[in-house]
Amino acid sequence: MKNRDMTPARLRLDSALGGLSAAFRGMSAHPDEDNCECHWGSAEDLALLKTPDTELDPDLLRRTWQATDWTYKASVLRRILPQFATALTRGLIAPLFGMEEVGRTFHRAKWRSLRHARSVAPHLGNPDSPHG
């Protein structure tokens, strides 16, 4: 990014994205997660989702958030959320049917349900944690 792009708003956004990455660090897809190779992707792609903090290529990121048949969709979406949010704010997310598709995807997955997330990352939702 060029210096002229570093507006106060851009700095706040980058800080928020950094906080999001810190809060969701270590997230991965559920160990029992599975998806159809013929419709979604390879076993290697699925292994990447089960590996925390690994950058996904843009096509895999798109296929992951747009897939509708995850068994543990909330954990899959929590896994990709930091990278997805960064791509979204950079204009790199292009839904097939409009941006409302993004909100519906996360809402239907109940990604904010922290019961499973806390078992994986106990600091989430903890007011005493710096990641809150």
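As the structure is a computational prediction, the values presented were derived from the model and not from experiment.

1. Digging into the overall build of the protein chain
Each helix and strand counted, the protein chain has 6 helices and 0 strands in total. The order of helices and strands in the protein chain, counted from the N terminus, is α-α-α-α-α-α. The buried share of the protein chain, taken over its 132 residues, is 38%. The long-range share in the protein chain, meaning contacts at least 24 apart out of those at least 6 apart in sequence, stands at 61%. Within the structure as shown, the protein chain displays about 8,100 Å² of accessible surface, and the carbon and sulfur contribution to it stands at 55%.

2. Regarding the confidence of the model for the protein chain
The predicted coordinates of low-pLDDT regions are not to be read in fine detail. Chain-level statistics for the protein chain give a pLDDT mean of 83 and a share of 83% at 70 or above. The secondary-structure element of the protein chain with the lowest mean pLDDT is helix 6 (residues 114–120), recorded at 53, while helix 2 (residues 43–49) shows the highest, at 95. Per-residue pLDDT stays below 50 along residues 125–132; that stretch engages in 10 contacts with residues further than four places along the chain or on separate chains.

3. Describing helix 5 (residues 100–109)
What helix 5 keeps buried is the set Glu101, Val102, Thr105, Phe106 and Ala109. Buried positions in helix 5, seen along its axis, are confined to an arc of 130° and lie on one side of it. Counted as exposed and oriented over 90 degrees from the buried face of helix 5: His107 and Arg108. Looking at the packing, one finds that the buried side of helix 5 touches helix 3 (58–66) and helix 4 (73–89). Just downstream of helix 5, Lys110 is the residue with a positive phi angle, here 50°.

4. Some details on helix 3
Taken residue by residue, helix 3 has Leu60, Leu61, Arg63, Thr64, Trp65 and Gln66 as its buried positions. Where the residues of helix 3 are buried, they touch helix 2, helix 4 and helix 5. Its side-chain oxygen 2.9 Å from the backbone nitrogen of Asp59, Asp57 forms the N-cap of helix 3.

5. Section: the pattern of salt bridges
Applying the stated rule across the entire model yields 5 salt bridges. Of the charged contacts, one joins Arg62 and Asp59 as a salt bridge, the two residues approaching to 2.7 Å between their closest N and O atoms. One end of the pair is Arg62 and the other is Asp59, both in helix 3 and 3 residues apart, which spans about a single turn. With a relative accessible area of 36%, Arg62 lands in the partly exposed category.

Reading the values: the criteria
Residues numbered from 1 in each chain as written. Predicted model: local features only at pLDDT ≥ 70, side-chain atom pairs only at ≥ 80, totals over all residues. Heavy atoms only, no water. Helix = DSSP H or I, 4+ residues; strand = E, 2+ residues; numbered from the N terminus. Buried < 20%, exposed > 50% of the residue type's maximum accessible area, 1.4 Å probe, protein only. Contact = heavy atoms within 4.5 Å. Areas by Shrake-Rupley, 256 points an atom, 1.4 Å probe, with all protein chains shown as cover. pLDDT = per-residue confidence, 0-100. Arc of directions from axis to C-beta. Polar contact = N/O pair within 3.5 Å; in protein donor to acceptor, adjacent residues only side chain to side chain. Salt bridge = Lys/Arg side-chain N within 4 Å of Asp/Glu carboxyl O.

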